[in-house]
Amino acid sequence: MFDQTIFNKELSTSWLGRELFYFQELESTNTYAKKVPKKASLHGALVLADHQTAGRGQHQRTWTIEPCQNLTFSLIFEPQQSDRLSILTLACALAVCEYIEENLKVSAQLKWPNDVLIAGKKVSGLLTETVFKGDVLERLIIGIGININQQKFAADLNDTATSFISLNKKLHQRELILARLLSRIEYLYRLWSTHDLDLPKKINKKLIGYGKWVRLEVDGVLRSEEYKFLGINESGHLVVLNKALEVDTFSYEQVRVRLNSTSS
Ligand code: BTN
């Protein structure tokens with residue numbers, strides 16, 4: 001079970017994760033985070049479950065992993081602005097990447113739009129959801145799943161998923177990982193909220209396919225032409241250059257990047 005005492009001892013953030021909603025078992029931390037009754041401020045609140053019975057992934061997929069072995073949590077933000085949310089999601093994914101590189105000493109990459117990979121295998125996925133009241137963003141929820149101590153995955157995931165323990169055969173302390181990760185996310189949140197241009201630059205350097213000719217699946221349709229993938233811009237749009245050397249932009253969710261190109 002997740003040890004809240006250890007976590008609280010390790011946590012050194014000033015506001016992120018200071019309010020914790022912990023559950024041994026919960027349908028989905030994202031679903032809960034959307035429904036937590038509104039009070040003065042939920043900005044920075046953390047919803048964590050040792051076992052999600054109906055964990056959700058991108059595109060109506062499920063997120064099913066072994067109980068008590070991994071990290072499945074959601075962060076609630078109440079930002080002043082409702083634009084550039086894609087940059088914030090990618091910033092959280094970047095925090096996971098940086099954590100891995102610093103602590104596990106292996107290289108990690110971001111796969112557009114919201115996965116973290118180690119040696120081509122997925123170690124973490126993010127699911128961002130919003131709650132609007134009219135035009136006003138009330139709550140932004142970033143749900144993060146990280147495979148930590150799980151050694152075996154379902155047959156269909158065996159070739160595509162990995163975990164911390166698979167890399168170095170050591171049991172990892174989830175409380176410590178989460179506490180450190182939240183410090184990093186808190187720092188990157190500050191860069192995001194101050195429109196710091198270093199943030200999209202840092203993200204782009206980690207994106208698989210950045211600077212390469214790739215194919216794009218736009219709104220579910222794979223385009224035949226190739227585009228040079230220029231990553232995310234400061235507005236949170238995906239930027240590409242087409243073969244006629246014109247710049248095109250797409251919204252974050254619209255696009256999947258396919259790396260099947262042989263050109264460089
Ligand atoms: C994906 O890769 O498809 C996104 C997976 C997101 C999983 C996390 S686990 C915590 C949070 N609660 C959920 O139900 N989903 C996200």
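Scroll up to find the structure.
Residues numbered from 1 in each chain as written. Predicted model: local features only at pLDDT ≥ 70, side-chain atom pairs only at ≥ 80, totals over all residues. Heavy atoms only, no water.

(A) A look at the site of the ligand. In the neighbourhood of the ligand, 20 residues make up the surrounding shell, with S28, Q52, R56, Q58 and K122 lying closest. S28 places a polar side-chain atom, nitrogen or oxygen, 2.7 Å from an oxygen atom of the ligand. One nitrogen or oxygen atom from the main chain of Q58 is found 2.7 Å from an oxygen atom belonging to the ligand. In this structure the site holding the ligand corresponds to the largest pocket. Looking at the shell around the ligand, the elements that each hand over two or more residues are α2 (29-35), β3 (71-77), β6 (121-133) and β7 (136-146). (Near = heavy atom within 4 Å. Polar contact = N/O pair within 3.5 Å; in protein donor to acceptor, adjacent residues only side chain to side chain. 1 Å grid on protein atoms, 1.4 Å probe; cavity = no way out; pocket = protein on both sides within 12 Å on 5 of 7 lines; lining within 4 Å. Sits in = over half its atoms within 2 Å of the grid points. Helix = DSSP H or I, 4+ residues; strand = E, 2+ residues; numbered from the N terminus.)

(B) Structural detail: helix α5 (residues 174-193). Taking 1.5 Å as the rise per residue, α5 with 20 residues should run 28 Å; its terminal C-alpha atoms sit 28 Å apart, in good agreement. Of all 20 residues in α5, 15 are buried, a share of seventy percent or more. Just beyond α5, the residue with positive phi is H195, at close to 55°. (Expected span 1.5 Å × (residues − 1). Buried < 20%, exposed > 50% of the residue type's maximum accessible area, 1.4 Å probe, protein only.)

(C) Highlighting the pattern of salt bridges. One pass over the structure, following the stated rule, counts ten salt bridges. The salt bridge partner of E129 is K34, with a shortest N-O separation of 3.1 Å. Of this pair, E129 sits in strand β6 while K34 sits in helix α2, placing them 95 residues apart in sequence. Salt-bridge contacts for E102 lead to R184; the nearest nitrogen and oxygen are separated by 2.8 Å. Highlighted residues: E102 in helix α3 (residues 85-104) and R184 in helix α5, separated in sequence by 82 residues. (Salt bridge = Lys/Arg side-chain N within 4 Å of Asp/Glu carboxyl O.)

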